[in-house]
Structures are given as C-alpha cells and as structure tokens.
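Now for the letters of each chain:
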Amino acid sequence: MKFTDMNKKLIAASLSALLLTGCAPKNTTDVTRYETYYRAIEENTKFLSSSENYTVSAEMTQWDDGTYRYYVIFDETKTAMYDIVIMAVEDGRPYEEAVKMMPSSGVFDAPSSMIPGQINSKSGYVKGVIVSGECEEDSIDLDFMVEWKDKGKKDTVREFLSFTLNMEGIVKEADSDENRTEGGE
C-alpha cells in the first residue's frame with residue numbers, strides 16, 4: 001500500500017487530533033490496562049510473523065524534521081473479530097524503560113470490530129485498524145499483541161506478532177532469533 005502526500009497529510013492530521021484528545025489516560029483503570037497489555041507482550045516468548053486471521057501491512061516514512069513515522073495496518077479479516085485491542089512495543093523496550101506511550105488501539109479508546117465483508121464504521125465495524133508510531137531510526141523492531149473476542153463475546157483470542165519494519169516495508173527474515181518461534185498464546 002502506497003501513501004500519497006495527501007494521504008500522509010490526512011493521516012498526520014487525524015493522528016494529531018487523536019493525540020490531542022484520545023491518548024491521555026482517562027483514569028487509573030486505563031493505565032492498569034495499558035500496563036497489563038504491555039507486560040503480556042514483554043513476557044510472551046512465542047511470536048508469529050503473520051496471521052491466518054487477518055493481513056498485516058506496514059509503511060515507514062521520513063518526515064521533514066528527520067524523524068520517522070510508521071503505520072501498521074491490520075485488515076482483510078478472515079474471521080469475525082469483536083472488541084479488538086492492538087498494542088505494540090518498540091525495540092523490545094521493557095516497561096520500566098519506556099519513556100513514551102506505545103502505539104495502541106482499543107486501550108484508551110473504544111475498541112473496534114472487523115467482520116469479513118461488513119463495514120459500518122458508525123457502529124464500530126471497520127475495514128481495518130491502523131496503529132502508528134514515531135521513531136528516530138529508519139528501522140524498528142515491533143512486537144504486537146492483537147486481542148479480540150469471538151461472536152458471542154465469551155472467548156478471547158490473543159495473537160502475538162513480531163517483525164522488523166524499515167523504509168522498504170516489513171523485513172522478511174527466516175528464523176532470525178530462535179527465541180521468536182512461530183506460535184501464539
């Protein structure tokens with residue numbers, strides 16, 4: 001997926017609005033949820049490079065100030081996913097050393113749902129979810145937790161994904177780290 005300059009400006013404006021209104025923790029419950037998800041990623045030992053339930057694509061761009069922005073898109077769901085929560089941890093940074101909020105969706109804002117072939121954004125049924133962040137380098141290691149509920153909203157599924165992203169896109173590596181094996185929780 002290629003972003004035009006107009007798309008980049010729209011995304012930047014949207015993200016700015018979200019940062020100004022939606023990223024501040026509303027209460028201690030939100031902060032506790034954030035830490036719980038962060039630690040789940042931190043403690044996980046098995047990561048997937050892709051999912052059988054949805055597609056993942058990503059792009060990194062350099063901005064005029066020399067920093068980099070990345071956008072990770074989760075879409076084309078193959079299964080009904082309700083109350084989706086996605087969180088990233090950059091470069092394996094431990095919770096105690098994190099100096100900024102990690103990118104997330106559904107932690108501090110309302111979770112979305114994706115259903116194959118159905119889109120109704122007013123009701124929370126979206127085509128895809130974008131998680132984005134900012135970094136200083138042109139390559140970043142990203143660990144994700146993607147959590148959702150089934151149709152009955154009784155069972156919760158969690159997948160953990162890990163990949164490196166650079167200016168060329170997602171880096172495909174064959175077994176680069178023996179600790180990061182295929183699997184999920």
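Residues numbered from 1 in each chain as written. Predicted model: local features only at pLDDT ≥ 70, side-chain atom pairs only at ≥ 80, totals over all residues. Heavy atoms only, no water.

So, about the nonpolar core. Soluble globular proteins tend to bury their nonpolar side chains together. Ranked by internal contacts, the top residues of the largest apolar core, which has 25 residues, are Phe74 and Phe144. Elements supplying a minimum of two residues to this core: β1 (55–62), β2 (68–75), β3 (81–90), β6 (128–135), β7 (139–149) and β8 (156–166). Ranked by the residues each element gives to this core, the list is headed by β7, at 5 residues. Residues in contact with Phe144, not counting those within four places in the same chain, are Ile41, Val72, Phe74, Ile86, Met87, Ala88, Val131, Glu159, Phe160, Leu161 and Phe163. One finds Tyr37, Met87, Met102 and Phe108 within the second-largest nonpolar core, a separate group that totals 14 residues. (Core = buried A, V, L, I, M, F, W, Y, C linked by side-chain atoms within 4.5 Å. Buried < 20%, exposed > 50% of the residue type's maximum accessible area, 1.4 Å probe, protein only. Helix = DSSP H or I, 4+ residues; strand = E, 2+ residues; numbered from the N terminus. Contact = heavy atoms within 4.5 Å.)

By the definition in use, this model includes 10 aromatic pairs. Judged by centre distance (5.2 Å) and plane angle (75°), the rings of Tyr38 and Tyr95 are edge-to-face. Of the two residues, Tyr38 sits in helix α2 (residues 28–43) while Tyr95 sits in the loop between β3 and β4 (104–105), which places them 57 residues apart along the sequence. Put simply, the rings of Tyr54, Phe74, Phe144, Trp148 and Phe163 pair up and form one aromatic cluster. Looking at Arg69, its charged tip hangs above the ring of Trp63, at a distance of 4.4 Å from the centre. (Phe/Tyr/Trp six-rings, centres within 6.5 Å; stacked < 30°, edge-to-face > 60°. Lys NZ or Arg CZ within 6 Å of the ring centre and 35° of its normal.)

To continue, consider the sheet that holds β6. Reading across from one edge, β1-β2-β6 is the order of the 3 strands in this open sheet, with antiparallel pairing throughout. Each edge of the sheet is formed by a strand with only one pairing partner; in this case those strands are β1 and β6. The sheet shows a mean angle of 15° between the axes of neighbouring strands, taken without regard to direction. (Pairing = 2+ DSSP bridges. Axes fitted to C-alpha atoms, helices over the stretch in contact; angles between N-to-C directions.)

Glancing now at the environment of Phe160. Locating Phe160 in the fold gives a position in strand β8. Given the relative accessible area of 0%, Phe160 is considered buried. Along the primary structure Phe160 and Ser50 are separated by 110 residues, whereas in three dimensions their C-alpha atoms are 9.2 Å apart.

Here we come to unusual backbone geometry. Not every positive phi belongs to a glycine, and Glu76 is a case in point at roughly 50°. Its place among the elements puts Glu76 in the loop between β2 and β3. Look at Asp83: it is not a glycine, yet its phi comes out positive at around 50°. Note that Asp83 resides in strand β3. Take Asp83: its relative accessible area is 23%, and that puts it in the partly exposed class.

On to the environment of Tyr95. For Tyr95 and Glu42, which are 53 residues apart along the polypeptide, the C-alpha to C-alpha distance reads 7.8 Å. Apart from the residues within four sequence positions on either side, Tyr95 is in contact with Tyr34, Glu35, Tyr38, Arg39 and Glu42.

Quick look at the pattern of salt bridges now. As enumerated under the stated definition, the model contains 8 salt bridges in all. With a closest N to O distance of 3.5 Å, Arg69 and Glu134 form a salt bridge. Pair noted here: Arg69 is in strand β2 and Glu134 is in strand β6, with a separation of 65 residues, a long-range link. Its relative accessible area of 18% is what places Arg69 among the buried residues. (Salt bridge = Lys/Arg side-chain N within 4 Å of Asp/Glu carboxyl O.)

Where β1 meets β2, 8 bridges bridge the pair, whose relative direction is antiparallel. Bridge pairing links Val56 to Phe74 in β2. Hairpin geometry of β1 and β2 is characterised by an intervening segment of 5 residues between the two adjacent antiparallel strands and by a positive phi of about 90° at Gly66.

None of the figures reported here should be taken as evidence of function without further support.
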